[in-house]
Amino acid sequence: MRQRTQVVLSTYLLAACRRRSRRQPPGHEGSQGRFVTHYLLDTKIISNVTKPRPSEALVAWMEDQADEELFIASLTLAEIRRGLFEKPAGKKRAQLESWFSGPEGPQALFAGRLLAFDEKAALIWARLMAEGTATGRPRSALDMIIAAVAEANDCVVVSDNERTLPSSRSSIRCELRLD
């Protein structure tokens, strides 16, 4: 029974991210003429929310955000799926696969808010990687894909690992620390 409660709690938390209004492209003004900040949630943020005991700081932060402000990158979807493929067969993997493919999974919850690694992001990624090499601080290719997708779409990256994010762009920053 305890495990079911944990799954229901995780489902509830992710359901808080469900989009109810029409998506506006990142970086556009809201309906009341104010600039709307859009957030790109990295993979660790999504993974944390699905844990039996997610970060209280993260849950509180997500409850304060409007649905139309939260996005994920296509890479996040790939990383989560890869993690499922790498899990040993069993009950836990089956539960996670059911969640992933179901109405509370990332594809359903972020429908219309899944940002691709496109041509614009690819060119930004090349610059970010080269900047890291030039400063003697090589960067993680996967982390820079997230950063590039965020910059290409005028999003702020929400991550618990600010060390992996480039500090030269104001549109890319660590929004919160997980417990």
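Let us look at helix H8 (residues 141-152). Taking 1.5 Å of rise per residue, the twelve residues of H8 would be expected to cover 16 Å, and the 16 Å separating its terminal C-alpha atoms lies within 8% of that figure. Counting buried positions along H8 yields nine of twelve residues, so the element is predominantly enclosed. For H8, the full list of buried residues reads Met144, Ile145, Ile146, Ala147, Ala148, Val149, Ala150, Glu151 and Ala152. Its buried side turned inward, H8 meets strand E1 (38-41), strand E2 (70-73), helix H4 (74-86), strand E3 (114-115), helix H7 (119-134) and strand E4 (155-158). Downstream of H8 by one or two residues, Asp154 has phi in the positive range, about 55 degrees.

The next subject is the sheet that holds E4. With parallel pairing, the four strands of this open sheet are ordered in space as E3-E2-E1-E4. Only two strands of the sheet have a single neighbouring strand rather than two, namely E3 and E4. Here four bridges tie E1 to E4, and the two strands are oriented parallel to one another. Bridge pairing in E4 links Leu41 to Val158. Along the sheet face, helix H3 (residues 56-63) touches E1, E2 and E4 and points at about 145 degrees away from the line of E1.

Two quantities define a packed helix pair, namely the angle between the axes and the distance from one axis to the other. For the pair H7 and H8, the least separation of the axes is 8 Å and the interaxial angle reads 125 degrees. It follows that H7 is oblique to H8 by the angle criterion. Here H7 and H8 pass one another in a crossing that is right-handed. For the pair H7 and H8, contact is made by Lys120, Ala121, Ile124, Trp125, Arg127, Leu128 and Met129 and by Ala141, Met144, Ile145, Ala147, Ala148, Val149, Glu151 and Ala152, respectively. The class makeup of the residues in the contact of H7 with H8 is twelve nonpolar, no polar and three charged.

Right, let's get into the confidence of the model for the protein. It should be kept in mind that the predicted coordinates are not to be read in detail where pLDDT is low. Per-residue pLDDT for the protein averages 79, and the proportion of residues at 70 or more is 70%. Within the protein, no element has a lower average pLDDT than helix H1 (residues 2-15), which sits at 35, and none a higher one than E3, at 98. Counting contacts from residues 1-25, a segment whose pLDDT is below 50, to residues more than four positions away or on other chains yields 56 contacts. Note that residues 168-172 has pLDDT below 50 and, in this model, 13 contacts with residues that lie over four places away or in other chains.

It is worth spelling out the environment of Phe117 at this point. Examined against the element boundaries, Phe117 turns out to sit in the loop between E3 and H7. Separated by 29 residues in the primary sequence, Phe117 and Ile146 place their C-alpha atoms 8.4 Å from one another. In this structure, Phe117 is in contact with Ser74, Ala122, Trp125, Ile145 and Val149, ignoring residues within four places of it in sequence.

Here is what the cut-offs are and how they apply
- Residues numbered from 1 in each chain as written.
- Predicted model: local features only at pLDDT ≥ 70, side-chain atom pairs only at ≥ 80, totals over all residues.
- Heavy atoms only, no water.
- Helix = DSSP H or I, 4+ residues; strand = E, 2+ residues; numbered from the N terminus.
- Expected span 1.5 Å × (residues − 1).
- Buried < 20%, exposed > 50% of the residue type's maximum accessible area, 1.4 Å probe, protein only.
- Contact = heavy atoms within 4.5 Å.
- Pairing = 2+ DSSP bridges.
- Axes fitted to C-alpha atoms, helices over the stretch in contact; angles between N-to-C directions.
- Parallel < 35°, antiparallel > 145°, perpendicular 65-115°, else oblique.
- Left-handed = near helix turned anticlockwise from the far one by under 90°.
- Nonpolar A, V, L, I, M, F, W, Y, C, P; charged D, E, K, R; others polar.
- pLDDT = per-residue confidence, 0-100.

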